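# Chain and residue survey
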Amino acid sequence: MSDGLKALRGSAAIVGVATFGCGEAHGFSEMELLARSAHAAVADAGLKMSDIDGLCTASVGSTMWPMPVIEYLGIRPSFIDGTMVGGSSFIAHLLPAMHALQSGQCNAVLVCYGSTQRTATFGRREIAQARRWMDPQPYETPYEPFNPPSAYALAASRHMHLYGTTRRDLAEVAVAARQWAQRNPEAFMRDPLSIDDVLNARMVSDPLSVRDCCLVTDGGGAYVLVRADRAKHLAKKPVYVLGNGTACWNRQISSMPDITVTAASESGRQAYAMAGLSAKDMDVVELYDAFTINTLLFLEDLGFCAKGEAGAFVQNGGIAPGGHLPVNTNGGGLSCVHPGMYGIFALIEAVRQLRGEGGERQVPGAQIALAHGNGGTLSSQSTAILGTAAAL
């Protein structure tokens, strides 16, 4: 970890966050969901869109996505980042944005996303077909796997084989997410969910049932980042970026040396080093739970328990309300929102917790939070450590 990165610790703060259209957003385009959440996040910060001179955004369907976003929002940013590494992109945007702010290249960065994955006529199936030609995975595509579920099912099966993890352990993750969602009025699925409900649900890709899989929703999300000195004078309590790290070891899950160890072990190490903190310091944890196995793998790779011990860690409501570690307090991708890429929503929930805006799901006294993003099939990983002024 370079001294330069450590010097960036706390140099920027998130001062505005917003979501829009989470769940079903009939009649809206992806751009409209992005714009609604973007305008709301800027207003939340007490700023105007004309104050925004930095933009970070990414899209599954468009390789040149920053350009139409800039045009639609009517801004002329001096810093632009359109790096697309899947669902972790919006957490990975943090460090480049911090560099741009610190250098004076820009003064206020908007990070934004919008997706109509649930209601769009051109959806996941069509994108998957297009990817066969535009983004071929040579060791997997010829066999036409049911991805992403089958890739994650492979990781779950291997974890079970090596460590004795059970389907009941996976079900604990889904039930905990649902219990948090029941405290969140924004969550898409809030019906009661039991361990047996998960175990008896329709099998999607063995050992994962439909309740082990994330939602398919619409949704927009955005946040605004400024330098720390300016953050103190804006509308809302600043949430400081203490650490951020991004790592990518593979594109295809078949190229992972060990499908139970992800690059989160590297992104987490980088983020902790920059923040000068460790897993034991985290008050609240937001993990990219595209599938229940994700939560187990990331708890291990990010140091909350040893490799192979996450099954025991989540048992008996360990990560549910009242458990020993609050995880995915909004309901996560499993029960709150998952419009194709979830990372920005994990970060927004971490900010809301540190601001004390969690309502019924608020974690008392939360000062330090971890938000983690995952992209592809256990491919790119990005970890952020956030803190209140007390954590500086």
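Presented here is an overview of the structure given in this document. Since the model is a prediction, treat every value here as computed from it, not as a measurement. Starting from 1, residues in each chain are numbered consecutively following that chain's sequence as written. Only residues with pLDDT of at least 70 get local features here, since the model is predicted, and only at 80 or more are side-chain atom pairs given and counted; chain-wide, interface and lining totals rely on the full set of residues. Only hydrogens and water are removed before side-chain values are computed, so all heavy atoms of the structure are retained for them.

### Comments concerning the packing of aromatic side chains
In this description, an aromatic ring pair is defined by two values, namely the gap between the centres and the angle between the planes. Put simply, the test is: For this analysis, a ring pair means two rings from Phe, Tyr or Trp (six-membered ring only for Trp) whose centres lie within 6.5 Å, classed as stacked if their planes differ by under 30 degrees, edge-to-face if by over 60, and tilted for the remaining angles. A run of DSSP states H or I qualifies as a helix once it reaches four residues; a run of E qualifies as a strand once it reaches two. Both are numbered from the N-terminal end. The buried label applies to any residue whose accessible area, calculated with a 1.4 Å probe on protein chains only, is under 20% of its type's maximum; exposed applies above 50%, and partly exposed to all values in between.
Considering all chains together, one arrives at 5 aromatic pairs under this definition. On the basis of an interplanar angle of 40 degrees and a centroid distance of 4.9 Å, the ring pair of Phe90 and Tyr113 is categorised as tilted. Remark: Tyr113 occurs in strand β4 (residues 108–115) and Phe90 occurs in helix α4 (residues 89–92); sequence separation between them is 23 residues. A single burial state applies to Phe90 and to Tyr113, both of which are buried. With 6.2 Å between their ring centres and 25 degrees between their planes, Tyr342 and Phe345 make a pair best called stacked. Accessibility assignment for this pair places Tyr342 and Phe345 in one class, buried.

### Some points on the environment of Gln353
Here is the rule: Here a residue-residue contact requires only that any non-hydrogen atoms of the pair lie within 4.5 Å.
Along the chain, the position of Gln353 falls in helix α15 (residues 343–355). Judged by its relative accessible area of 1%, Gln353 is buried. Expressed as a C-alpha distance, the spacing of Gln353 and Lys307, which sit 46 residues apart in the sequence, is 28 Å. Apart from the residues within four sequence positions on either side, Gln353 is in contact with Val284, Glu286, Thr329, Gly358, Arg361, Gln362, Val363 and Ala366.

### Describing the packing of helix α8 (residues 167–181) against helix α12 (residues 292–301)
Test applied: Helix axes use the C-alpha atoms of the stretch in contact, all axes being lines fitted to C-alpha atoms, and the angles between their N-to-C directions lie in the range 0 to 180 degrees. Roughly parallel refers to an angle under 35 degrees, roughly antiparallel to one over 145, roughly perpendicular to one between 65 and 115, and oblique to any angle outside these ranges. All residues other than Ala, Val, Leu, Ile, Met, Phe, Trp, Tyr, Cys, Pro, Asp, Glu, Lys and Arg, Gly among them, are scored as polar; the first ten of these are nonpolar and the last four charged.
Running from amino to carboxyl end, α8 crosses α12 at an angle of 100 degrees, the nearest separation of the two axes being 8 Å. Between α8 and α12, the angle is such that the two are roughly perpendicular. Across the interface between the two elements, Leu170, Val173 and Ala174 of α8 pack against Thr292, Ile293, Thr295 and Leu296 of α12. Looking at side-chain class alone, the contact of α8 with α12 contains 5 nonpolar, 2 polar and no charged residues.

### Things to note about unusual backbone geometry
With omega at 10 degrees, the peptide bond leading from Asn147 into Pro148 counts as cis. In this structure, Pro148 sits in the loop between α6 (124–134) and α7 (149–163). Backbone torsion omega between Asp206 and Pro207 reads 15 degrees, so that peptide bond is classified as cis. Although it is not a glycine, Asn328 sits at a positive phi angle of roughly 55 degrees. Among the secondary structure elements, Asn328 is positioned in the loop between α13 (310–314) and α14 (332–335). Look at Asn328 and you get buried, because its relative accessible area is 3%. Positive phi outside glycine occurs at Leu378, with the angle close to 55 degrees. Along the chain, the position of Leu378 falls in the loop between β10 (368–375) and β11 (380–387). Taking the relative accessible area as the measure of exposure, Leu378 reaches 0% and is therefore buried.

### Examining the sheet that holds β10
In sheet architecture, strand pairing relies on hydrogen bonds along the backbone and comes in two forms, parallel and antiparallel. Basically, it comes down to this: Being paired, for any two strands, means DSSP has found at least two bridges between them.
If you walk across this open sheet you meet the 9 strands as β3-β2-β4-β7-β1-β8-β11-β10-β9, and the pairing is mixed. Each having just a single partner strand, β3 (79–81) and β9 (284–287) make up the two edges of the open sheet. Each strand of the sheet is rotated relative to its neighbour by a mean of 20 degrees, with strand direction disregarded. Bridge count between β9 and β10: 4 bridges; the pairing is parallel. Note on β10: the bridge partner recorded for Val284 is Ala369. Against the sheet, helix α3 (residues 66–73) makes contact with β2 (54–57), β3 and β4, and its axis sits at roughly 130 degrees relative to β2, the strand it touches most.

### Quick look at the pairing of β10
If a strand is regular, its side chains alternate between the two faces of the sheet. In terms of residue burial, β10 counts as a mostly covered element, since 8 of its 8 residues are buried. Residues Ile368, Leu370, His372 and Asn374 point to one face of β10 and Ala369, Ala371, Gly373 and Gly375 to the other, with burial holding for every one of them. Two elements, β10 and β11, share 8 bridges in a ladder whose sense is antiparallel. Within the sheet, the bridge partner assigned to His372 lies in β11 and is Thr383. Linkage of β10 to β11, two consecutive antiparallel strands, is achieved through a turn of 4 residues, within which Gly376 is found at a positive phi near 70 degrees.

### Focus: the pattern of salt bridges
Note the following rule: A side-chain nitrogen of Lys or Arg and a carboxyl oxygen of Asp or Glu constitute a salt bridge if their distance falls within 4 Å.
Counted according to the given criterion, the structure contains 11 salt bridges. Here Lys236 makes a salt bridge to Glu357, at a shortest N to O gap of 3.8 Å. Here Lys236, found in the loop between α10 (228–231) and β8 (239–248), pairs with Glu357, found in the loop between α15 and β10; they are 121 residues apart in sequence, far enough to count as distant. Classification of Lys236 by relative accessible area gives partly exposed; the value is 29%. Judged by relative accessible area, which is 35%, Glu357 ranks as partly exposed. A salt bridge links Glu349 to Arg361, with the shortest nitrogen-to-oxygen separation between them at 2.9 Å. Of the two residues, Glu349 sits in helix α15 while Arg361 sits in the loop between α15 and β10, which places them 12 residues apart along the sequence.

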